[in-house]
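# Architecture and fold: a report
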Amino acid sequence: MRYISTRGRSGPVTVGEAFLNGLAPDGGLFLPESFPVAPETLVKTITDWNYQELASVILGLFLTDYTRQELAACIKKAYGEQFDTPAVTPVAMVGENLGFLELWHGPTCAFKDLALQLLPHLLGVAAEKSQRRQELVLLVATSGDTGKAALEGFRDVPGTKVIVFFPEDGVSTVQKRQMITQEGRNTFVVGVRGNFDQAQAGVKALLADGRFREEMAAAGKSFSSANSINWGRLVPQLVYYFKAWAELLRQQALAPGETFNVVVPTGNFGNILAAYYGKKLGLPIHKLICASNQNNVLTDFIRTGVYNRNRHFYQTISPSMDILVSSNLERLLYELVGEDPRLVAAYMDQLRRDGSYRLTAEEKASLEENFWAGFASERETTAAIKAVYDRYHYLIDPHTAVGYKVYEDYQEATGDRRPVVIAATASPFKFNRGVAAALFSPEVAEQTDEFVLMEKLSAASGVPVPPGLSSLKEKPIRHRRVIEPEAMAETVRKILDQ
Ligand SMILES: *Cc1c(COP(=O)(O)O)cnc(C)c1O
């Protein structure tokens with residue numbers, strides 16, 4: 001299977017090259033030339049497979065130039081002891097028709113681990129196959145969770161360096177601590193005085209800068225991305241939606257042949273796109289429900305067909321979704337415009353030039369066939385944490401709470417009561433202030449040390465704090481760089497010159 005660019009101006013490549021490059025040379029995103037079909041046996045026997053087996057089958061459909069053994073070895077290393085449950089991504093059914101797909105059982109307590117525990121191994125095999133001798137430098141822009149997951153995934157992996165840019169004042173205390181205390185000889189963490197969109201634009205510009213790449217290649221370095229613009233981030237995320245289906249069947253929340261809805265708290269549109277690809281592969285998903293916070297650019301887009309980033313940027317209690325330019329939408333756009341890369345390139349030009357574009361009526365109708373969208377204000381997010389705790393005695397983080405609020409809105413608007421899986425994208429203990437404001441009071445949340453809140457929340461809910469989070473307070477700070485957004489290229493040069 002070959003991979004092409006959404007903008008059509010760079011030639012087809014192997015999947016390994018797509019992983020190694022991250023972004024296509026024309027600035028577009030890589031996609032499989034033709035979409036595979038899931039084997040009927042997988043669908044028929046879905047409840048028989050464990051996570052690792054499901055991963056082998058699904059990844060095998062897309063990673064056609066990896067041997068079965070290579071893939072199995074990567075999967076074994078990725079989904080082992082570092083997850084605190086053998087199910088890897090269990091589904092907690094809290095009501096008859098409502099389940100939370102818990103994606104936070106990995107080492108950094110957010111869903112990014114599911115892809116980033118695997119990606120370094122996939123890249124290792126790809127580099128070996130292409131006989132690259134260059135050092136691979138991963139450039140990462142993060143709204144909080146990708147950064148830590150990438151640092152953990154790549155730390156001390158031979159032949160790699162990972163450089164993470166995060167919005168200095170735009171992440172939670174725990175997220176920041178997780179990153180600036182990162183260990184490993186090949187890890188670099190840089191605070192940016194700006195927001196996630198600025199950090200992401202900086203990374204994309206570097207990856208698409210031919211001269212910069214050539215200059216670095218001469219010094220023996222090549223670049224890739226650990227953001228969800230990299231196909232290697234997206235494809236592992238399909239697996240847990242199949243696992244969710246299997247869990248619904250196994251727990252008899254769903255009968256064979258029935259469909260379910262999926263709600264995904266969304267920022268860069270990666271996670272929900274993976275669910276959509278799952279549907280294309282044969283998952284019986286009815287609607288993909290896109291949940292945004294106050295930065296509701298996607299809600300407007302799905303409801304009106306107009307993407308307009310010219311709006312106020314809010315810092316919210318669900319910071320990993322504080323995004324106005326959702327990169328992965330470009331992959332969906334490719335399908336909406338009938339797989340014509342010139343039309344994708346034209347929309348992306350408009351977005352860069354004017355900050356907006358408008359779908360045709362036909363494209364919008366096609367979008368609405370699969371997607372529904374809503375958003376939650378800050379107050380609604382807090383109320384949702386409290387409501388879920390009171391109703392089900394189940395603790396959710398603010399991102400997941402955005403999903404819950406939008407799920408309620410969806411049911412009210414449509415009357416659709418079929419079973420729903422809400423992606424629980426992070427552990428509540430990563431976002432203690434937001435959760436404590438809901439369970440205790442805003443005053444307690446504001447005035448108490450975050451690590452004390454963590455313990456209080458654990459005591460109140462009876463849920464243990466993940467060990468990786470409780471030990472953070474004691475760890476020494478190892479990264480202190482803070483820069484202006486304009487200085488990203490220069491900073492990369494400095495780090496690599498050392
Ligand atoms: C990254 C992240 C999101 C957004 O996911 P996208 O794939 O960027 O849409 C939502 N919630 C949490 C906790 C995250 O870390």
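The sections below set out a description of the structure shown in this document. (Residues numbered from 1 in each chain as written. Predicted model: local features only at pLDDT ≥ 70, side-chain atom pairs only at ≥ 80, totals over all residues. Heavy atoms only, no water.)

Turning our attention to the nonpolar core. Core analysis: the largest hydrophobic core is formed by 111 residues, its most contacted members being Leu 63, Tyr 79, Trp 231, Tyr 241 and Tyr 357. Here this core gets 10 residues from one element, more than from any other, and that element is helix α12 (residues 237-250). Excluding residues that lie within four positions of it along the chain, Trp 231 makes contacts with Tyr 3, Val 15, Phe 19, Phe 30, Leu 31, Pro 32, Phe 62, Pro 236, Tyr 277 and Arg 331. Core analysis: the next-biggest nonpolar cluster, separate from the first, contains 41 residues, Ala 384, Tyr 394, Ala 438 and Ala 445 among them. (Core = buried A, V, L, I, M, F, W, Y, C linked by side-chain atoms within 4.5 Å. Buried < 20%, exposed > 50% of the residue type's maximum accessible area, 1.4 Å probe, protein only. Helix = DSSP H or I, 4+ residues; strand = E, 2+ residues; numbered from the N terminus. Contact = heavy atoms within 4.5 Å.)

Contacts to the ligand come from 15 residues, most closely from Lys 112, Asp 145, Gly 267, Asn 268 and Asn 271. A distance of 3.1 Å separates an oxygen atom of the ligand from a polar atom in the backbone of Phe 269. Between the ligand and Thr 425, the relevant distance is 2.9 Å, taken from a nitrogen atom to a side-chain nitrogen or oxygen of the residue. For the ligand, the protein covers 98% of the area, taking 380 Å² as the surface of the free molecule. Mapping the ligand onto the cavity grids shows that it belongs to the largest cavity. (Near = heavy atom within 4 Å. Polar contact = N/O pair within 3.5 Å; in protein donor to acceptor, adjacent residues only side chain to side chain. Areas by Shrake-Rupley, 256 points an atom, 1.4 Å probe, with all protein chains shown as cover. 1 Å grid on protein atoms, 1.4 Å probe; cavity = no way out; pocket = protein on both sides within 12 Å on 5 of 7 lines; lining within 4 Å. Sits in = over half its atoms within 2 Å of the grid points.)

Next up on the list: helix α14 (residues 297-304). Note: α-helices contain 3.6 residues per turn, so residues at a spacing of three or four share the same orientation. Looking at α14, one finds that the buried residues are Val 297, Leu 298, Thr 299, Phe 301 and Ile 302. Summarising the contacts, the buried residues of α14 are in contact with β10 (285-292), β11 (306-308), α15 (329-336), β12 (356-358), α17 (361-370) and β13 (371-375). Of the residues one or two after α14, Gly 305 is the one with positive phi, at around 85°.

This brings us to the environment of Leu 118. In this fold, Leu 118 is placed in the loop between α5 (112-116) and α6 (119-129). Spatially, the C-alpha atoms of Leu 118 and Lys 77 are 7.6 Å apart, while their sequence positions differ by 41 residues.

With eight of its eight residues buried, strand β6 (residues 160-167) lies for the most part within the structure. Here β6 shows no split at all, with Thr 160, Val 162, Val 164 and Phe 166 on one side and Lys 161, Ile 163, Phe 165 and Pro 167 on the other all buried. Where strand β5 (residues 135-141) meets β6, six bridges bridge the pair, whose relative direction is parallel. Note that in β6 the partner of Leu 138 across the bridge is Val 162. Handedness of the β-α-β unit built from β5, helix α7 (residues 145-154) and β6 comes out right-handed. Handedness of the crossover joining β6 and strand β7 (residues 187-192) through helix α8 (residues 173-180): right-handed. (Pairing = 2+ DSSP bridges. Right-handed = clockwise from strand over helix to strand, strands pointing away.)

There is about 600 Å³ of room inside the largest pocket. Every residue lining the largest pocket is counted, 24 residues in all, and those nearest its centre are Arg 7, Lys 204, Val 325, Met 348 and Arg 352. Here the lining of the largest pocket is composed, by residue class, of 11 nonpolar, four polar and nine charged. (Points joined across faces, edges and corners; volume = space filled by probe spheres on them. Nonpolar A, V, L, I, M, F, W, Y, C, P; charged D, E, K, R; others polar.)

The next thing to look at is the packing of helix α10 (residues 210-218) against helix α24 (residues 488-497). Interaxial distance between α10 and α24 falls to 12 Å at its minimum, and their mutual angle equals 5°. If you check the angle between α10 and α24, you find them roughly parallel. Of the residues in α24, those touching α10 at Phe 212, Glu 215 and Met 216 are Val 492, Arg 493 and Leu 496. Of the residues that constitute the contact of α10 with α24, the class distribution is four nonpolar, no polar and two charged. (Axes fitted to C-alpha atoms, helices over the stretch in contact; angles between N-to-C directions. Parallel < 35°, antiparallel > 145°, perpendicular 65-115°, else oblique.)

Attention now goes to α10. With a side-chain oxygen positioned 3.1 Å from the backbone nitrogen of Arg 211, the residue opening α10 is Asp 209. Of the residues trailing α10, Gly 220 is marked for its positive phi of about 80°.

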